[in-house]
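# Observations on the model geometry
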Amino acid sequence: MARKKVTVVGAGNVGATTAQRIFDRGYADVVLVDIVEGLPQGKALDMLESGPVVGSDASVIGTNDYAETAGSDVTVVTSGIARKPGMSRDDLLYTNMDIVGSVIKQVVEHSPDGIVVTVTNPLDAMTQHALEVSGKPREQVFGMAGILDTARFRTFLAAELQVSVQDVHAYVLGGHGDTMVPLVGATNVGGIPVGDLIPKDRLDAIVKRTQDGGGEIVSLLKTGSAFYAPAASVAQMVESILFDRKQILPCCVKLQGEYGIEGLCVGVPVKLGAAGVEEVITLSLTDGEQAALERSADAVRELIDVMRNRQN
(Lines give C-alpha, C1' and ligand atoms only; values in the text may rest on other atoms or scores of the structure.)
Protein backbone atom coordinates (compact mmCIF):
# COMPACT_ATOMS: atom_id res chain seq x y z
CA MET A 1 0.00 0.00 0.00
CA ALA A 2 1.39 3.36 -1.00
CA ARG A 3 1.98 5.77 1.84
CA LYS A 4 -0.21 8.81 2.13
CA LYS A 5 1.33 12.22 1.48
CA VAL A 6 1.16 15.08 3.96
CA THR A 7 2.47 18.58 3.28
CA VAL A 8 3.28 20.95 6.12
CA VAL A 9 3.59 24.59 5.06
CA GLY A 10 5.83 26.59 7.38
CA ALA A 11 9.05 25.16 8.86
CA GLY A 12 8.95 27.10 12.10
CA ASN A 13 8.42 25.47 15.49
CA VAL A 14 4.81 24.35 14.93
CA GLY A 15 5.35 23.19 11.35
CA ALA A 16 8.62 21.38 11.93
CA THR A 17 7.34 19.66 15.09
CA THR A 18 4.17 18.59 13.25
CA ALA A 19 6.27 17.19 10.41
CA GLN A 20 8.44 15.34 12.94
CA ARG A 21 5.47 13.79 14.77
CA ILE A 22 3.98 12.54 11.49
CA PHE A 23 7.32 11.30 10.13
CA ASP A 24 8.11 9.49 13.41
CA ARG A 25 4.95 7.40 13.06
CA GLY A 26 5.95 6.28 9.57
CA TYR A 27 2.52 6.14 7.91
CA ALA A 28 2.90 9.14 5.59
CA ASP A 29 5.56 10.74 3.43
CA VAL A 30 6.05 14.34 4.50
CA VAL A 31 6.88 17.48 2.51
CA LEU A 32 7.99 20.49 4.54
CA VAL A 33 7.64 23.81 2.68
CA ASP A 34 8.98 27.23 3.61
CA ILE A 35 9.98 30.41 1.79
CA VAL A 36 13.36 30.53 3.57
CA GLU A 37 15.96 28.79 1.43
CA GLY A 38 17.69 25.92 3.20
CA LEU A 39 15.48 25.96 6.30
CA PRO A 40 12.97 23.25 5.32
CA GLN A 41 15.69 21.27 3.52
CA GLY A 42 17.92 21.27 6.61
CA LYS A 43 15.16 20.37 9.06
CA ALA A 44 13.80 17.65 6.77
CA LEU A 45 17.23 16.07 6.31
CA ASP A 46 17.80 16.10 10.07
CA MET A 47 14.42 14.38 10.57
CA LEU A 48 15.10 11.85 7.81
CA GLU A 49 18.35 10.85 9.51
CA SER A 50 16.37 10.01 12.67
CA GLY A 51 14.46 7.35 10.71
CA PRO A 52 16.72 4.41 11.61
CA VAL A 53 16.49 5.36 15.30
CA VAL A 54 12.72 5.87 15.52
CA GLY A 55 11.96 3.07 13.06
CA SER A 56 10.38 5.16 10.31
CA ASP A 57 10.81 4.25 6.64
CA ALA A 58 8.74 7.23 5.49
CA SER A 59 10.35 9.97 3.45
CA VAL A 60 10.55 13.61 4.48
CA ILE A 61 11.79 16.32 2.14
CA GLY A 62 12.14 20.06 2.52
CA THR A 63 11.47 22.46 -0.32
CA ASN A 64 10.76 26.05 -1.33
CA ASP A 65 8.73 24.86 -4.33
CA TYR A 66 5.06 23.87 -4.11
CA ALA A 67 5.48 21.59 -7.14
CA GLU A 68 7.01 19.05 -4.71
CA THR A 69 3.72 19.01 -2.76
CA ALA A 70 1.58 17.85 -5.70
CA GLY A 71 -1.03 15.25 -4.86
CA SER A 72 -0.97 15.73 -1.09
CA ASP A 73 -3.78 14.00 0.79
CA VAL A 74 -3.61 16.54 3.61
CA THR A 75 -1.91 19.94 3.77
CA VAL A 76 -1.30 21.60 7.13
CA VAL A 77 -0.88 25.39 6.97
CA THR A 78 1.20 26.76 9.85
CA SER A 79 2.87 29.64 8.02
CA GLY A 80 2.56 33.14 9.40
CA ILE A 81 4.12 35.31 12.05
CA ALA A 82 3.76 34.17 15.66
CA ARG A 83 2.18 36.27 18.35
CA LYS A 84 4.73 38.20 20.42
CA PRO A 85 4.28 39.36 24.05
CA GLY A 86 1.88 42.29 24.17
CA MET A 87 0.60 41.61 20.65
CA SER A 88 -3.13 41.02 20.30
CA ARG A 89 -4.45 38.36 17.96
CA ASP A 90 -5.93 41.21 15.91
CA ASP A 91 -2.44 42.64 15.29
CA LEU A 92 -1.60 39.43 13.49
CA LEU A 93 -4.59 39.66 11.23
CA TYR A 94 -3.46 41.55 8.13
CA THR A 95 0.01 40.03 7.87
CA ASN A 96 -1.18 36.46 8.27
CA MET A 97 -4.18 37.03 6.01
CA ASP A 98 -1.80 37.86 3.14
CA ILE A 99 0.46 34.90 3.92
CA VAL A 100 -2.36 32.36 4.24
CA GLY A 101 -4.12 33.63 1.10
CA SER A 102 -1.02 33.18 -1.05
CA VAL A 103 -0.28 29.75 0.46
CA ILE A 104 -3.82 28.45 -0.14
CA LYS A 105 -3.72 29.43 -3.84
CA GLN A 106 -0.56 27.34 -4.30
CA VAL A 107 -1.90 24.43 -2.25
CA VAL A 108 -5.16 24.21 -4.22
CA GLU A 109 -3.30 24.48 -7.53
CA HIS A 110 -1.04 21.52 -6.75
CA SER A 111 -3.38 19.36 -4.60
CA PRO A 112 -6.91 20.23 -5.78
CA ASP A 113 -8.49 17.19 -4.12
CA GLY A 114 -6.62 17.41 -0.81
CA ILE A 115 -7.87 18.36 2.64
CA VAL A 116 -6.50 21.53 4.26
CA VAL A 117 -5.97 22.00 8.00
CA THR A 118 -5.22 25.56 9.08
CA VAL A 119 -3.19 26.34 12.19
CA THR A 120 -2.13 29.96 11.62
CA ASN A 121 -3.49 32.55 14.10
CA PRO A 122 -5.89 34.21 14.55
CA LEU A 123 -7.16 30.71 13.86
CA ASP A 124 -10.86 31.17 13.22
CA ALA A 125 -10.40 34.18 10.93
CA MET A 126 -7.57 32.46 9.02
CA THR A 127 -9.70 29.34 8.55
CA GLN A 128 -12.53 31.47 7.15
CA HIS A 129 -10.09 33.25 4.83
CA ALA A 130 -8.50 29.96 3.69
CA LEU A 131 -11.93 28.46 2.99
CA GLU A 132 -13.02 31.46 0.92
CA VAL A 133 -9.76 31.68 -1.06
CA SER A 134 -9.75 27.92 -1.73
CA GLY A 135 -13.25 27.76 -3.18
CA LYS A 136 -13.53 24.31 -1.56
CA PRO A 137 -16.43 23.00 0.54
CA ARG A 138 -16.32 23.38 4.34
CA GLU A 139 -15.76 19.64 4.69
CA GLN A 140 -12.27 20.01 3.18
CA VAL A 141 -10.92 23.20 4.82
CA PHE A 142 -11.04 23.52 8.60
CA GLY A 143 -8.87 24.56 11.51
CA MET A 144 -7.04 23.11 14.50
CA ALA A 145 -7.73 24.84 17.81
CA GLY A 146 -10.36 23.02 19.85
CA ILE A 147 -8.20 19.92 20.33
CA LEU A 148 -5.41 22.08 21.74
CA ASP A 149 -7.75 24.11 23.97
CA THR A 150 -9.43 20.90 25.17
CA ALA A 151 -6.04 19.29 25.83
CA ARG A 152 -5.06 22.22 28.03
CA PHE A 153 -8.37 22.00 29.92
CA ARG A 154 -7.97 18.23 30.42
CA THR A 155 -4.34 18.67 31.52
CA PHE A 156 -5.27 21.17 34.23
CA LEU A 157 -8.25 19.10 35.44
CA ALA A 158 -6.16 15.91 35.60
CA ALA A 159 -3.47 17.73 37.60
CA GLU A 160 -6.08 19.15 40.00
CA LEU A 161 -7.63 15.72 40.65
CA GLN A 162 -4.40 13.70 40.29
CA VAL A 163 -5.97 11.30 37.79
CA SER A 164 -4.97 10.09 34.34
CA VAL A 165 -5.57 12.62 31.57
CA GLN A 166 -7.20 9.76 29.66
CA ASP A 167 -10.05 9.65 32.20
CA VAL A 168 -10.90 13.34 31.77
CA HIS A 169 -13.52 13.84 29.05
CA ALA A 170 -14.21 17.39 27.94
CA TYR A 171 -14.84 19.72 25.01
CA VAL A 172 -13.85 23.32 24.50
CA LEU A 173 -15.91 25.13 21.85
CA GLY A 174 -15.92 28.59 20.29
CA GLY A 175 -13.20 30.85 18.95
CA HIS A 176 -9.54 30.16 19.67
CA GLY A 177 -8.92 32.97 22.13
CA ASP A 178 -10.02 34.24 25.49
CA THR A 179 -13.70 33.86 24.52
CA MET A 180 -13.42 30.05 24.13
CA VAL A 181 -16.09 28.04 25.92
CA PRO A 182 -15.05 25.02 28.03
CA LEU A 183 -18.25 22.95 28.46
CA VAL A 184 -18.09 22.40 32.19
CA GLY A 185 -21.55 20.81 32.29
CA ALA A 186 -20.53 18.08 29.81
CA THR A 187 -17.11 17.46 31.40
CA ASN A 188 -16.70 14.25 33.37
CA VAL A 189 -13.89 12.36 35.03
CA GLY A 190 -14.38 8.61 34.85
CA GLY A 191 -18.07 9.28 34.25
CA ILE A 192 -18.48 11.59 37.27
CA PRO A 193 -19.49 15.19 36.47
CA VAL A 194 -16.51 17.45 37.15
CA GLY A 195 -18.74 19.81 39.14
CA ASP A 196 -19.16 17.03 41.73
CA LEU A 197 -15.39 16.73 42.14
CA ILE A 198 -13.99 20.27 42.06
CA PRO A 199 -15.41 23.31 43.95
CA LYS A 200 -16.82 26.02 41.69
CA ASP A 201 -14.14 28.63 42.49
CA ARG A 202 -11.35 26.19 41.58
CA LEU A 203 -13.22 25.12 38.45
CA ASP A 204 -13.65 28.76 37.41
CA ALA A 205 -9.92 29.31 37.88
CA ILE A 206 -9.12 26.27 35.70
CA VAL A 207 -11.50 27.53 33.00
CA LYS A 208 -9.76 30.93 33.11
CA ARG A 209 -6.32 29.32 32.89
CA THR A 210 -7.50 27.31 29.86
CA GLN A 211 -8.76 30.47 28.15
CA ASP A 212 -5.40 32.15 28.82
CA GLY A 213 -3.41 28.99 27.97
CA GLY A 214 -1.64 30.31 24.88
CA GLY A 215 -0.84 33.63 26.53
CA GLU A 216 0.64 31.90 29.58
CA ILE A 217 3.16 30.08 27.37
CA VAL A 218 3.95 33.22 25.32
CA SER A 219 4.70 35.14 28.53
CA LEU A 220 7.05 32.38 29.74
CA LEU A 221 8.87 31.86 26.44
CA LYS A 222 9.25 35.62 25.82
CA THR A 223 10.24 35.11 22.17
CA GLY A 224 7.72 32.62 20.81
CA SER A 225 4.53 30.69 21.36
CA ALA A 226 3.40 27.11 22.02
CA PHE A 227 4.33 24.39 19.56
CA TYR A 228 4.59 20.93 21.19
CA ALA A 229 0.89 20.61 22.11
CA PRO A 230 -0.32 22.35 18.91
CA ALA A 231 1.74 19.93 16.79
CA ALA A 232 0.38 16.92 18.69
CA SER A 233 -3.15 18.23 18.12
CA VAL A 234 -2.58 18.59 14.37
CA ALA A 235 -1.13 15.06 14.20
CA GLN A 236 -4.27 13.68 15.86
CA MET A 237 -6.42 15.36 13.18
CA VAL A 238 -4.20 14.09 10.35
CA GLU A 239 -4.39 10.52 11.67
CA SER A 240 -8.17 10.62 12.03
CA ILE A 241 -8.40 11.74 8.38
CA LEU A 242 -5.82 9.38 6.86
CA PHE A 243 -7.02 6.31 8.80
CA ASP A 244 -10.70 7.27 8.45
CA ARG A 245 -11.04 6.97 12.22
CA LYS A 246 -14.14 9.17 12.40
CA GLN A 247 -13.04 10.53 15.77
CA ILE A 248 -15.25 13.17 17.38
CA LEU A 249 -12.85 16.10 17.76
CA PRO A 250 -13.43 19.82 18.32
CA CYS A 251 -12.34 21.62 15.15
CA CYS A 252 -12.90 25.05 13.62
CA VAL A 253 -15.44 24.63 10.83
CA LYS A 254 -17.84 26.89 8.97
CA LEU A 255 -21.26 26.55 10.60
CA GLN A 256 -24.39 26.56 8.47
CA GLY A 257 -27.01 27.11 11.14
CA GLU A 258 -25.70 24.59 13.67
CA TYR A 259 -25.69 26.04 17.21
CA GLY A 260 -27.69 28.97 15.78
CA ILE A 261 -24.59 30.30 13.96
CA GLU A 262 -24.63 30.93 10.21
CA GLY A 263 -21.68 31.33 7.84
CA LEU A 264 -18.93 31.64 10.44
CA CYS A 265 -15.91 29.44 11.23
CA VAL A 266 -16.09 28.50 14.92
CA GLY A 267 -14.84 25.57 16.99
CA VAL A 268 -17.38 22.75 17.50
CA PRO A 269 -17.17 18.94 17.74
CA VAL A 270 -17.04 17.22 14.36
CA LYS A 271 -16.68 13.68 13.04
CA LEU A 272 -13.33 13.66 11.26
CA GLY A 273 -12.72 10.99 8.64
CA ALA A 274 -11.41 10.34 5.15
CA ALA A 275 -13.78 12.92 3.64
CA GLY A 276 -12.68 15.55 6.18
CA VAL A 277 -15.50 16.97 8.31
CA GLU A 278 -18.12 14.26 7.82
CA GLU A 279 -20.60 15.60 10.37
CA VAL A 280 -20.99 18.51 12.75
CA ILE A 281 -21.93 17.09 16.14
CA THR A 282 -24.59 19.14 17.93
CA LEU A 283 -24.30 18.99 21.72
CA SER A 284 -27.09 20.28 23.93
CA LEU A 285 -25.76 23.38 25.69
CA THR A 286 -26.99 25.14 28.79
CA ASP A 287 -28.38 28.64 28.27
CA GLY A 288 -25.14 30.04 29.72
CA GLU A 289 -22.97 27.95 27.40
CA GLN A 290 -25.05 28.91 24.35
CA ALA A 291 -24.76 32.60 25.28
CA ALA A 292 -20.99 32.21 25.76
CA LEU A 293 -20.67 30.46 22.40
CA GLU A 294 -22.57 33.29 20.71
CA ARG A 295 -20.27 35.86 22.37
CA SER A 296 -17.29 33.87 21.11
CA ALA A 297 -18.80 33.81 17.61
CA ASP A 298 -19.30 37.58 17.80
CA ALA A 299 -15.57 38.02 18.55
CA VAL A 300 -14.74 35.94 15.46
CA ARG A 301 -17.25 37.91 13.39
CA GLU A 302 -15.49 41.16 14.32
CA LEU A 303 -12.23 39.84 12.85
CA ILE A 304 -14.01 38.64 9.69
CA ASP A 305 -15.56 42.10 9.29
CA VAL A 306 -12.13 43.75 9.65
CA MET A 307 -10.76 41.43 6.93
CA ARG A 308 -13.69 42.09 4.61
CA ASN A 309 -13.45 45.84 5.05
CA ARG A 310 -9.82 45.69 4.06
CA GLN A 311 -10.62 43.62 0.96
CA ASN A 312 -13.27 46.05 -0.23
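Further up the page is the structure itself.
Residues numbered from 1 in each chain as written. Predicted model: local features only at pLDDT ≥ 70, side-chain atom pairs only at ≥ 80, totals over all residues. Heavy atoms only, no water.

On to the overall build of the protein chain. For the protein chain, the count of helices and strands is 10 helices and 14 strands. Taking 20 Å as the expected radius of gyration for a compact globule of 312 residues, we find that the protein chain reaches 19 Å, a close match to that expectation. Taking the principal axes of its C-alpha atoms as reference, the protein chain extends roughly 50 × 50 × 40 Å. Per-residue burial over the protein chain gives 50% buried out of 312 residues. Pairs at least 24 residues apart make up 68% of the contacts formed inside the protein chain by residues separated by at least 6 positions. Accessible surface for the protein chain amounts to roughly 13600 Å². Of this, 51% is attributable to carbon and sulfur atoms. Charge centroids of the protein chain, computed over 27 positive and 39 negative side chains, lie 1 Å from each other. (Helix = DSSP H or I, 4+ residues; strand = E, 2+ residues; numbered from the N terminus. Rg over C-alpha atoms; globule rule 2.2 N^0.38 Å. Buried < 20%, exposed > 50% of the residue type's maximum accessible area, 1.4 Å probe, protein only. Contact = heavy atoms within 4.5 Å. Areas by Shrake-Rupley, 256 points an atom, 1.4 Å probe, with all protein chains shown as cover. Lys, Arg positive; Asp, Glu negative; His and termini not counted. Charge placed at Lys NZ, Arg CZ, Asp CG, Glu CD.)

A few words now on helix α9 (residues 228-242). Along its 15 residues, α9 runs 21 Å from first to last C-alpha, staying within 8% of the 21 Å computed at 1.5 Å per residue. Buried residues dominate α9, accounting for 11 of its 15 residues. Downstream of α9 by a residue or two, D244 has a phi angle that is positive, lying close to 50°. (Expected span 1.5 Å × (residues − 1).)

Our next topic: unusual backbone geometry. The peptide bond linking N121 to P122 adopts the cis configuration, its omega dihedral lying at -5°. Mapped onto the elements, P122 comes out in the loop between β5 (115-118) and α5 (123-134). In this model, Y259 sits at a positive phi of 60°, which is unusual for a non-glycine residue. Among the structural elements, Y259 can be located in the loop between β12 (247-256) and β13 (262-273).

All right, on to the sheet that holds strand β11 (residues 192-193) then. The 3 strands are arranged β7-β10-β11 in an open sheet whose pairing can be described as antiparallel. Both edges of this open sheet fall to β7 (168-169) and β11, since each of them pairs with a single strand only. Bridge count between strand β10 (residues 188-189) and β11: 2 bridges; the pairing is antiparallel. Its bridge partner lying in β11, V189 is registered against I192. (Pairing = 2+ DSSP bridges.)

Under the defined criterion, the tally for this structure stands at 14 salt bridges. Where E258 meets R138, a salt bridge forms, and the shortest distance between an N and an O atom there is 3.0 Å. Pair noted here: E258 is in the loop between β12 and β13 and R138 is in the loop between α5 and β6 (141-143), with a separation of 120 residues, a long-range link. Since its relative accessible area comes to 17%, E258 is described here as buried. Using a relative accessible area of 13% as the deciding quantity, one classes R138 as buried. (Salt bridge = Lys/Arg side-chain N within 4 Å of Asp/Glu carboxyl O.)

Let us now look at the pairing of β13. Within β13, 9 of the 12 residues are buried, which leaves the element mostly enclosed by the surrounding structure. Counted along the chain from β12 to the antiparallel partner β13, the turn is 5 residues long, and its residue G257 has a positive phi close to 100°. By the bridge criterion, 4 bridges tie β13 to strand β14 (residues 276-280) in an arrangement that is antiparallel. Within β14, the position partnered with L272 by the bridge is V277.

Turning next to the nonpolar core. Judged by nonpolar contacts, the single largest core of 77 residues is most densely connected at V238 and L272. The element best represented in this core is helix α10 (residues 287-311), accounting for 7 residues. Leaving out residues up to four positions away in the same chain, L272 has contacts with F142, M237, S240, I241, R245, K246, Q247, L249, C251 and V277. Core analysis: the next-biggest nonpolar cluster, separate from the first, contains 14 residues, L157, V194, I198 and I206 among them. (Core = buried A, V, L, I, M, F, W, Y, C linked by side-chain atoms within 4.5 Å.)

Put simply, helix α6 (residues 146-161) and helix α7 (residues 200-211) touch, their axes get as near as 9 Å, and they point 145° apart. Here α6 runs over α7; the crossing is right-handed. Here α6 contributes D149, R152, F153, F156, L157 and E160 to the contact with α7, which in turn contributes R202, L203, I206, V207, R209 and T210. Among the residues forming the contact of α6 with α7, the class breakdown is 6 nonpolar, 1 polar and 5 charged. (Axes fitted to C-alpha atoms, helices over the stretch in contact; angles between N-to-C directions. Left-handed = near helix turned anticlockwise from the far one by under 90°. Nonpolar A, V, L, I, M, F, W, Y, C, P; charged D, E, K, R; others polar.)

In this fold, R310 is placed in helix α10. The exposure class of R310 is partly exposed, given its relative accessible area of 37%. Every residue in contact with R310, bar those within four places of it in the chain, is listed here: Y94, M97 and D98.

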